[in-house]
Amino acid sequence: MRIQHNIMAMNAYRNYTNNTSALSKNLEKLSSGYKINRAGDDAAGLAISEKMRAQITGLDVAQKNAKDGISLVQTAEGALTEVHDMLNRMVELAEQSANGTYEDKTDRDQLQKEFDKLTEEIDRIADASNFNGINLLNGDMSAPVITATNGTLDGTKAVYKFDFDGQTALTDGQTLSIAGQTISAKDDGSGDINSTTVTDLDAQLDAIVTALGGKLTDHTVSREGNAIVVTANTAGTDASAGTVGVNATWNTTTVNVATTAGTGAGPAAAKTEIDFTGKTGADLFGGTMTIGGKTYEFVETGKTTATGNTAIELDADATAADIATTLEGEVTLANFTVAADGDKLTLTETTAAGDTKAPEVKFDGIGITLQIGDTGDKYNRITVEIASIKKDALRDMTEGTGKVLSELKVSTADTAVEAMKSLKGMINYVSDIRGTLGATQNRLDHTINNLSVMEENIQDAESTIRDTDVADEMMAYTKNNILIQSAQAMLAQANQVPQGVLQLLQ
C-alpha cells in the first residue's frame, strides 16, 4: 500500500475534471443556442457556416434591391399611364380638328391651345418623374438613339418591251438580235434554240427568255404574252443608255422596242445613325455596344474590359461629340464607312447596292443596374433601361411619319390629319416602354421568389451546422451532470483508501 500517490483519487479527479469541462460546454451551448461558439468547437464547420452567413446576408439584401427595383419600375409605369391618357386625348383633339366643320382662327386655335398644353405637360412629367433622385423618363436611363435605314432603290428602273406578236417561229440558221445580244436557232442543237424540237413561237419565246437572262447580267428578263420585257436591275436616268434600247431584229423583221426610261439618282446607301446627344462618358461606363458581331465595352480611361470585348476608353466628363469622335477611330465595319457627325456616329454603306440592310447596333448595360444576387457576377445584375418621353424624343414608332411630339400641330385640317397618324405611332412608342417595364417587373417578382427559396434552404443548412440541437444537448448535459456527481462520490471513496495504512502502523 502507498501513501505518496493516491492513483485511484487521481483517476477519479481526472474524470471529474473532464466531466466538469464537458458539462460547462453543454451549458454554454444551451445558453447561447449555438453548437459552435469558437473555432475550437468545429473549425471546418465554423468556416462553412460563416461562408453561408455571408451568402444569406447577400441574398437578403438582393431581395430588398429587387423590391426597390420594382418600386422604381412602378413609379415610371405609373407616370406613363397618365401620358397614355394625354396622348389619347390629343388623338381626340386631332380628329376633331380634321373635321371640316371647324374654322382655323376660332375653333382650331382653341383645340391647338389644349394640344400645346398637353404637350408641355408630357414634357414636364418627363423631367419631374424620379425615384430617389434618379430621373426616369427624361432620357437619363436610355441608351443612345439608333436610327437605321436600309439600302433602297431611289427612283424607277428602265424597262424595254419587245413585242413579237404575229411573228413566225425561227428556223435553222435564223437569229434574233435583241438588247445587244444575238440568239440563234440551230437544228443540230448548237444554238440557243434547238429548232428541231422547239418549233412553235410560244416555246421559242420561253427559250429566248432563258438564254437572254444568262447574257444580260445587269437586267432581268421576263415574258408578258408574246412580248419579252427587259428591266434594269438598278434605278437611274442612265439605265436606258447603250444597246439595250435598240430595236430588235427577228430574222430580217424589225421589232420596235417600247422604252420606259429610268428616273432617279440610283440606289440609296444603307445607313445607321447613333445619336449620343445628352450622354457623357460616365453614362456609358460598364455598358457595351455590339456592331456586326463585335462587342465594344465603354470603360474609364486606364481601365480594362471583359474578355473578348474591345475597350472604348473615355473620360467621365467626355461629351457626346467626344464619344462619337473616339468611336470613329475605334469602330470598323466591312463595306461601311464610320464617321463622327457632331454628337452622332454614322455607319454608311461604302457602295450603295440598293438592297443592303442597315448595320444592326445593340447597346447593353446602359441605364440603371440592379444588384439582384449575392455575388458581383454579370448574371446577378440586370439593367433597367427607359427611353425618353421628352417632347423632342417621343416619336412615331410604327406609323412611319418619323415625327416627334413637338412637331405636331392641329391648327389646320391637314396638319391634324398628319397628327392623328403620328400620335398613334407615339402611343405605340409609350406602349413599348410600358410593356418592357411590365416584363421587367414580372422578372423581378420571380427573382424575389427564387432568392427567398435560396435564402431559406441555405439558412436551414447553416442552422444544421451552427445551431444547438437542444434535445441532443440536454441528453449530454444530463449524462455529464450524473458523471460529475459519480466522480465526486468516487473521489471521496478513493480518499478514504490510504487511511487503511494506519492500521498497519499500529
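Caption draft 1: Just unusual backbone geometry, in detail. Phi is positive for Asn251, close to 55°, though the residue is something other than glycine. Note on placement: Asn251 falls in the loop between β10 (248-250) and β11 (253-255).

Caption draft 2: Focus on the nonpolar core. Grouped together as the largest cluster of nonpolar side chains are 46 residues, with contacts concentrated most on Leu87, Leu137, Val384, Leu405 and Leu423. Where this core is concerned, the elements lending two or more residues are α2 (43-98), α3 (104-128), β21 (368-371), β22 (381-384) and α7 (413-466). With 14 residues, the top contributor of residues to this core is α2. Listed in part, the 28 residues of the second largest apolar core include Ala158, Phe164, Val198 and Leu201.

Caption draft 3: Local environment of the packing of α2 against α3. Running from N to C, α2 and α3 point in directions that differ by 165°, and their axes come no closer than 10 Å. When the axis of α2 is compared with that of α3, the two are roughly antiparallel. Handedness of the α2/α3 crossing: left-handed. Facing α2, whose interface residues are Ala79, Val83, Met86, Leu87, Arg89, Met90, Leu93, Gln96 and Ser97, α3 presents Arg108, Leu111, Glu114, Phe115, Leu118, Thr119, Glu121, Ile122 and Ile125. For the contact of α2 with α3, the class distribution of residues is 11 nonpolar, three polar and four charged.

Caption draft 4: Quick look at the layout of surface pockets. As a volume, the largest pocket reaches approximately 1200 Å³. For the largest pocket, the lining is made up of 37 residues, of which Ala143, Pro144, Val145, Ile146 and Ala387 are closest to its centre. Among the elements that make up the lining of the largest pocket, the one with the highest residue count is α7 (six residues). The residue makeup of the lining of the largest pocket, split by class, is 15 nonpolar, 10 polar and 12 charged. In this structure, the second largest pocket occupies an estimated 570 Å³ of space. What lines the second largest pocket is a set of 22 residues, and nearest its centre among them are Gly286, Asp364, Gly365, Lys378 and Thr383. Going through the elements one at a time, α5 (281-284), β20 (361-364) and β22 are the ones with two or more residues in the lining of the second largest pocket.

Caption draft 5: Seen up close, the side chain of Asn26. With respect to the helices and strands, Asn26 occurs in helix α1 (residues 7-32). Residues contacting Asn26, with those up to four places away along its chain left out, are Glu473, Ala476, Tyr477 and Asn480.

Caption draft 6: How the structure looks around the packing of aromatic side chains. Going through the model one piece at a time under the given rule, you end up with two aromatic pairs. With a centroid separation of 5.0 Å and 50° between ring planes, the pair formed by Phe164 and Trp250 is classed as tilted. One end of the pair, Phe164, is in the loop between β4 (152-163) and β5 (175-178); the other, Trp250, is in strand β10, and 86 residues separate them in sequence. On the basis of relative accessible area, Trp250 is assigned to the buried category, the value being 2%. Over the aromatic face of Tyr34 sits the side chain of Arg466, whose NZ or CZ is 5.9 Å from the ring centroid.

Caption draft 7: Structural context of the side chain of Ser49. Structurally, Ser49 is set in helix α2. Judged by relative accessible area, which is 0%, Ser49 ranks as buried. If we ignore the near neighbours within four places in the chain, the residues touching Ser49 are Glu462, Ile465 and Arg466.

Caption draft 8: View of the pattern of salt bridges. All told, the structure shown has 19 salt bridges when counted by the stated rule. One salt bridge connects Lys390 with Asp127, and the closest N-O pair in it is separated by 2.8 Å. Taken together, the residues Lys390 in the loop between β22 and α7 and Asp127 in helix α3 connect sequence positions 263 residues apart. We classify Asp127 as partly exposed; its relative accessible area is 39%. Of the charged contacts in the structure, one is a salt bridge between Asp202 and Arg223, with a shortest N-O distance of 2.3 Å.

What counts and how
Residues numbered from 1 in each chain as written. Predicted model: local features only at pLDDT ≥ 70, side-chain atom pairs only at ≥ 80, totals over all residues. Heavy atoms only, no water. Helix = DSSP H or I, 4+ residues; strand = E, 2+ residues; numbered from the N terminus. Core = buried A, V, L, I, M, F, W, Y, C linked by side-chain atoms within 4.5 Å. Buried < 20%, exposed > 50% of the residue type's maximum accessible area, 1.4 Å probe, protein only. Axes fitted to C-alpha atoms, helices over the stretch in contact; angles between N-to-C directions. Parallel < 35°, antiparallel > 145°, perpendicular 65-115°, else oblique. Left-handed = near helix turned anticlockwise from the far one by under 90°. Contact = heavy atoms within 4.5 Å. Nonpolar A, V, L, I, M, F, W, Y, C, P; charged D, E, K, R; others polar. 1 Å grid on protein atoms, 1.4 Å probe; cavity = no way out; pocket = protein on both sides within 12 Å on 5 of 7 lines; lining within 4 Å. Points joined across faces, edges and corners; volume = space filled by probe spheres on them. Phe/Tyr/Trp six-rings, centres within 6.5 Å; stacked < 30°, edge-to-face > 60°. Lys NZ or Arg CZ within 6 Å of the ring centre and 35° of its normal. Salt bridge = Lys/Arg side-chain N within 4 Å of Asp/Glu carboxyl O.

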